[in-house]
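Spelled out, the chains give:
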Amino acid sequence: MIIALLILHGLLAVTLLGAITHQAISVWLPARQGVETFVGRMRSVSAASYVNAVIVLYLLTATLGAIIYPNYRLNVRIVLEQMQLYWQNGSFELKEHFVAVGLGMLPAYWSLWRQPLDNNHARTRAVVTALLALIVWWSFLVGHIVNNVRGFES
Amino acid sequence: MIAARSFSTFAIVFAVAFAILYLLSVENNWALFTYHPALEEFGLLVQKPKDGPAMYWYGWLATSAFGALAIAGVAACVPVGSANRFWSGFAWAVPLATIFAFVYILRGYFTK
């Protein structure tokens, strides 16, 4: 059961990663008109259309992570400590705190992206989106590394 | 329009208050409840580990969420003119500062 939840957690995280990355890229590197390349199309997505998906996916991924967290605490963290894998352990500690800070930013993120967009808050909107993207990327990479840690280190 | 501005104020103050309260909760262990994963038991406030580790993360989240909800709720009731004085950039500046604070607090893991 835990493995199924862990896989689902990972799949949701991949979806969230895709959504927030597309949004952040389209905000920070908007495409010039008429560009029809793969990267150009990625940069020209409608950033506002990702907001609800990002919020729902963030909440679902974090909730699922919270459900499987006790299993990590009992069966993985103790092993990391015994194997003296300090930076892997510390990275996960940072992940739990970053995710928590991100949860607190979600109402502001939603408010900043509410239609019609307020141009006075364009910079704030862009930075909040980038910060959430950073949190999601950190969490995804750390989760992936910790999941595979024995493969890395043995 | 006023409701929209009030929510905007609420959301910005919530982001700020949540980040600060979460940092304080972690540093001072202000957990609203404790989870004992080995026993699959919840206990009110901070409890010592019983038969395995104790988890405070859920309790820190609850403390921060309820505290931020109260603070942001009060801020949203402030008249619109005063509320406009809030710089919206606090919504990222304070969480970012909190992230740096956690990196500093946990630096020991990366220097061993």
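Here we summarise the structure given alongside this text. Keep in mind the model is a prediction, meaning the values are calculated, not measured.

Notes on the overall build of chain A
Regarding its fold elements, chain A presents seven helices and zero strands. Counting helices and strands in the order they occur from the N terminus, chain A gives α-α-α-α-α-α-α. Seen through its principal axes, chain A has C-alpha atoms that stretch 55 × 35 × 30 Å. Looking at chain A as a whole, 38% of its 154 residues qualify as buried. Sequence separation of 24 or more characterises 75% of the internal contacts of chain A that already satisfy a separation of 6 or more.

Focus on the nonpolar core
A general trend in soluble globular proteins is that nonpolar side chains are found buried together. Core analysis: the biggest nonpolar cluster contains 61 residues, and A:Met105, A:Ala108, B:Phe14 and B:Ala15 have the highest contact counts within it. Every element with two or more residues in this core is listed here: helix H1 (2-28), helix H3 (51-75), helix H5 (86-112) and helix H6 (122-147) of chain A together with helix H1 (2-28), helix H2 (57-76) and helix H4 (90-105) of chain B. Take this core: its biggest share by element is 15 residues, from H1(B). Filtering out sequence-adjacent residues up to four positions away, B:Ala15 remains in contact with A:Gly104, A:Met105, A:Pro107, A:Ala108, B:Ala91, B:Val94 and B:Pro95.

A closer look at the packing of H1(A) against H3(A)
Residue and element names in this part refer to chain A. Taken N-terminus to C-terminus, the directions of H1 and H3 make an angle of 150°; their axes are 9 Å apart at the nearest point. Taken as axis vectors, H1 and H3 run roughly antiparallel relative to one another. Taken as a pair, H1 and H3 cross one another with a handedness that is left-handed. Along its contact with H1, which presents Ile2, Leu5, Leu6, Leu8, His9, Leu12, Ala13, Thr15, Leu16, Ala19, Ile20 and Gln23, the element H3 presents Ala53, Val54, Leu57, Tyr58, Leu60, Thr61, Leu64, Gly65, Ile67, Ile68 and Asn71. Residue classes in the contact of H1 with H3 are distributed as 17 nonpolar, six polar and no charged.

Looking at the interface of chain B and chain A
Taken together, the contact between chain B and chain A spans 35 residues of the former and 25 residues of the latter. Elements with a minimum of two residues in the side of chain B that touches chain A: H1, H2, H4 and helix H5 (108-111) of chain B. Top contributing element to the side of chain B that touches chain A by residue count: H1(B), with 10 residues. In terms of residue class, the side of chain B that touches chain A is made up of 28 nonpolar, six polar and one charged.

Focus: unusual backbone geometry
Residue and element names in this part refer to chain A. In the segment running from Gln115 into Pro116, the intervening peptide bond is cis, with an omega of -5°. Turning to its location among the elements, Pro116 is positioned in the loop between H5 and H6. Of note in the backbone geometry, Gln84 takes a positive phi value of approximately 55° without being a glycine. Considering the arrangement of structural elements, one finds Gln84 in the loop between helix H4 (77-82) and H5. Overall, Gln84 belongs to the exposed group, with 9 C-beta atoms counted inside 10 Å.

Side note on the pairing of strand S1 (residues 33-36) of chain B
It is a general feature of regular strands that their side chains alternate between the two faces of the sheet. Where S1(B) lies against strand S2 (residues 41-44) of chain B, four bridges are found, and the strand directions are antiparallel. Looking at S2(B), one finds that B:Phe33 is bridged to B:Leu44.

Some thoughts on the packing of H5(A) against H4(B)
For the pair H5(A) and H4(B), interaxial distance at closest approach is 10 Å and the crossing angle is 170°. As far as their axial angle goes, H4(B) and H5(A) are roughly antiparallel. For the pair formed by H5(A) and H4(B), the contact residues are A:Leu94, A:His97, A:Phe98, A:Val101, A:Gly104, A:Met105 and A:Ala108 on the first element and B:Ala91, B:Pro95, B:Thr98, B:Ile99, B:Phe102 and B:Val103 on the second. A breakdown of the residues in the contact of H5(A) with H4(B) according to their chemical character gives 10 nonpolar, three polar and no charged.

Things to note about the environment of A:Gln23
Residues and elements named next belong to chain A. As for its position among the elements, Gln23 is in helix H1. With 24 C-beta atoms packed within 10 Å, Gln23 lands in the buried category. The sequence separation of Gln23 and Ala48 amounts to 25 residues, and the corresponding C-alpha distance is 7.7 Å. Setting aside residues up to four positions removed in sequence, Gln23 forms contacts with Ala47, Tyr50, Val54 and Thr129.

Focus on the environment of A:Val39
Residues and elements named next belong to chain A. Of note, Val39 is situated in helix H2 (residues 38-43). For Val39, a count of 11 C-beta atoms within 10 Å translates into the label exposed. Distance from Val39 to Ile25, taken between C-alpha atoms, is 9.9 Å for residues 14 residues apart in sequence.

Criteria and cut-off values
- Residues numbered from 1 in each chain as written.
- Chains lettered and ligands numbered in written order.
- Predicted model: local features only at pLDDT ≥ 70, side-chain atom pairs only at ≥ 80, totals over all residues.
- Helix = DSSP H or I, 4+ residues; strand = E, 2+ residues; numbered from the N terminus.
- Buried ≥ 20, exposed ≤ 12 C-beta atoms within 10 Å, placed from the backbone.
- Contact = placed C-beta atoms within 7 Å.
- Core = buried A, V, L, I, M, F, W, Y, C linked by C-beta atoms within 7 Å.
- Axes fitted to C-alpha atoms, helices over the stretch in contact; angles between N-to-C directions.
- Parallel < 35°, antiparallel > 145°, perpendicular 65-115°, else oblique.
- Left-handed = near helix turned anticlockwise from the far one by under 90°.
- Nonpolar A, V, L, I, M, F, W, Y, C, P; charged D, E, K, R; others polar.
- Pairing = 2+ DSSP bridges.

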